[in-house]
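Descriptive structure summary
In case you want the letters, here they are:
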Amino acid sequence: MNIPPAFLAELQSLLPPSAFSLQPAVLESYARDESSQPAQTPLAVVWPETAEQVAAVLGLCNRHRVPVTARGGGSSLEGNAVPSPDGIVLSLERMNKILEVLPQDFQCRLQPGVIYDDLNRRLARDGLFFAPGPSSGDVATIGGMIGNNAGGLNALRYGVTRDHVLRLQVALADGSLLWFGTRAMKTSSGFDLVRLMVGSEGLLGVVTEIVLRLHGLPERKTAMARFETLEAAAQAVFEIMSSGIVPGALELIDENSIAHINRYKGWDWPETPTLIFEFHGAPSGIAEEVEMAREICAGLGASYFEVAETPARREQLWAGRKEITNAEKALYPDHIMLKGDIAVPLSHYAAAVQKAQALGEQYGLAVSIFGHAGDGNIHWHTLVPPSDAAALERGEQAAADLIRYALSVGGTATAEHGIGLAKRAFLLEEHGAAVEVMKRIKQALDPNGILNPGKMFFDERG
Ligand code: MLT
Ligand code: ZN
């Protein structure tokens, strides 16, 4: 479909020429995110620079019933930022200012297009950090992290994105612009619209300004343990978390993921199940926690336990972990990556890891298993050539079986990547009749279904 002429004429009157594009090459570059979901070319891309412009664009789209997909860095993994058919992309890339850092309140105010790493580089000057961090998406923006309630490496100690958002300015589908929340550390006032917006994947409004809660930068120590079996590594996670230690990060990496890291980086890490820890806090507490973790790992037969003694070694350990997905993409550029992103209650963690492994064997698939073990989150990847329809079907079946297993033990279909396009089949299975409540909220805030339609729910218009 071509862009409707009346819509285009109004768009041209709202935004300067530099703030939108209809050029095919530009449109193509916004047609997908980091998932394997099919590309969808938008009718136009707009780059507003103010909250008022965002609101005006939404009002225009609403009047003309043109779908609009808000987009940060485009690093989402489930098709969340793939444009909706016959719609436009509203990129927040140019709204990338850190407006204010308030060290005494442990807060900052910023625009949604600020890149996560840039924010933490700036906050470090005041001895602060924004804790929930995407582990693979280098270009993730704070707006995108809010859209998907990103978790990442440090969520087990500090909470996910939702736990760090105090206040939001939001443009609604009807073109209005308003604030939700306060700067108070706690409130009992009214419905919590801030938490409702976080994780709503662009279906309820577009965030135009944000107040975040921050933490002081802690002392930290990174360690690595290697195990004979995945079962022992997973059991160590459970025992460490049950011991009362709350690590800053606790990651599991299976042997296949290590093999990918080795091939990609030219390293020779032993290809065996591995845990990477980060301990945060006062130096004396850290030393005690390291020893407790070392003992637990030894009790489960860990053949190796190393505390990174230099910043360079610490960086290297984390670089390996953070590059797993990049490594897989680089090693299998033409393959479709099927993903699982389940989380289960901690007492089911070891069994869930075994289930993930067993499903690979049952369906004859090479799988990699890694993830934020300390909060029960398992990432499960399998790479399939697009020409192998049978393998694709087996991969999808295995991924679905893993999700159903997670749901059967009280877990979730997606811990941190969102529903997007890829996980829509499981929304109803996870939430049952509560999906109707979600749809009523969607209907109340976006009656014409213009905001990222087709994501999360199957219905074309929300
Ligand atoms: C990660 O933790 O590296 C990402 O969330 C996982 C992924 O790319 O699937
Ligand atoms: Zn992750």
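Quick look at the structure, then. (Residues numbered from 1 in each chain as written. Chains lettered and ligands numbered in written order. Predicted model: local features only at pLDDT ≥ 70, side-chain atom pairs only at ≥ 80, totals over all residues. Heavy atoms only, no water.)

1. Things to note about the packing of helix α8 (residues 230-242) against helix α10 (residues 283-299)
The N-to-C vectors of α8 and α10 enclose an angle of 145°; their axes lie 9 Å apart at closest approach. Crossing of α8 against α10: the hand is right-handed. Along its contact with α8, which presents A236, E239 and I240, the element α10 presents A293, I296 and C297. Grouping the amino acids of the contact of α8 with α10 by side-chain chemistry returns five nonpolar, no polar and one charged. (Axes fitted to C-alpha atoms, helices over the stretch in contact; angles between N-to-C directions. Helix = DSSP H or I, 4+ residues; strand = E, 2+ residues; numbered from the N terminus. Left-handed = near helix turned anticlockwise from the far one by under 90°. Contact = heavy atoms within 4.5 Å. Nonpolar A, V, L, I, M, F, W, Y, C, P; charged D, E, K, R; others polar.)

2. Some remarks on the sheet that holds strand β10 (residues 206-213)
Spatially, β5-β6-β10-β8-β9 is the arrangement adopted by the five strands of the open sheet, whose pairing is antiparallel. At either end of the open sheet lies a strand with only one pairing partner, and these are β5 (98-102) and β9 (177-181). Ignoring which end each strand starts from, the neighbouring axes of this sheet average 15° apart. As paired elements, strand β8 (residues 165-171) and β10 share six bridges and run antiparallel to each other. Across the sheet, Q169 pairs through a bridge with E209, a residue of β10. (Pairing = 2+ DSSP bridges.)

3. Digging into the coordination of the zinc ion (ligand 2)
Coordination of the zinc ion (ligand 2) by the protein comes from H372 (NE2), H379 (NE2) and E416 (OE), over a distance range of 1.9 to 2.1 Å. Considered as a linear motif, the donors of the zinc ion (ligand 2) on their single chain read H-x6-H-x36-E. (Donors = N, O, S within 2.8 Å, 3.2 Å for Na, K, Ca; no water.)

4. Looking at the site of ligand 1
As a matter of local geometry, ligand 1 sits amid L77, S135, S136, R321, T325, K339, F370, H372, H379, H381, E416 and H417. At 3.1 Å, a side-chain N or O of E416 approaches an oxygen atom of ligand 1. Against a free-state accessible area of 270 Å², the protein chains account for coverage of 96% of ligand 1. A class-by-class count of the residues in the shell around ligand 1 yields two nonpolar, seven polar and three charged. (Near = heavy atom within 4 Å. Polar contact = N/O pair within 3.5 Å; in protein donor to acceptor, adjacent residues only side chain to side chain. Areas by Shrake-Rupley, 256 points an atom, 1.4 Å probe, with all protein chains shown as cover.)

5. Remarks on helix α4 (residues 116-124)
For α4, the full list of buried residues reads Y116, L119, N120 and L123. The arc enclosing the buried residues of α4, seen along the axis, measures out at 95°, which places them on a common side. Buried residues along α4 sit in contact with β5, β6 (107-110), β7 (128-129), α5 (142-148) and β10. (Buried < 20%, exposed > 50% of the residue type's maximum accessible area, 1.4 Å probe, protein only. Arc of directions from axis to C-beta.)

6. Re the pattern of salt bridges
With the rule as written, the count across this model stands at 20 salt bridges. Of the charged contacts, one joins K265 and E323 as a salt bridge, the two residues approaching to 3.2 Å between their closest N and O atoms. Taken together, the residues K265 in helix α9 (residues 255-265) and E323 in the loop between α11 (311-322) and α12 (324-331) connect sequence positions 58 residues apart. Two residues, E278 and R314, come together in a salt bridge whose shortest N-O distance is 2.7 Å. (Salt bridge = Lys/Arg side-chain N within 4 Å of Asp/Glu carboxyl O.)

7. Things to note about the nonpolar core
Core analysis: the biggest nonpolar cluster contains 52 residues, and F227, L252, L275, F277, F305 and Y349 have the highest contact counts within it. Aside from chain neighbours lying at most four places away, what touches F277 is K221, T222, A223, M224, A225, I240, A249, L250, A293, C297, F305 and W318. (Core = buried A, V, L, I, M, F, W, Y, C linked by side-chain atoms within 4.5 Å.)

8. A word on unusual backbone geometry
Phi at F106 takes a positive value of approximately 55°, unusual for a residue other than glycine. Given a relative accessible area of 39%, F106 falls into the partly exposed group. Even without glycine at this site, E201 takes up a positive phi of about 50°. Turning to its location among the elements, E201 is positioned in the loop between α7 (193-197) and β10. With relative accessibility at 6%, the residue E201 sits in the buried group.

9. Re the sheet that holds strand β18 (residues 377-384)
What the seven strands build is an open sheet, ordered β15-β12-β14-β13-β17-β18-β16; its pairing is antiparallel. At either margin of the open sheet sits one strand with a lone partner, and together these are β15 (304-307) and β16 (336-343). For this sheet the average axis-to-axis angle between neighbouring strands, irrespective of direction, equals 15°. Where strand β12 (residues 219-226) meets strand β14 (residues 274-281), eight bridges bridge the pair, whose relative direction is antiparallel.

Distances and angles like these do not, on their own, reveal function.
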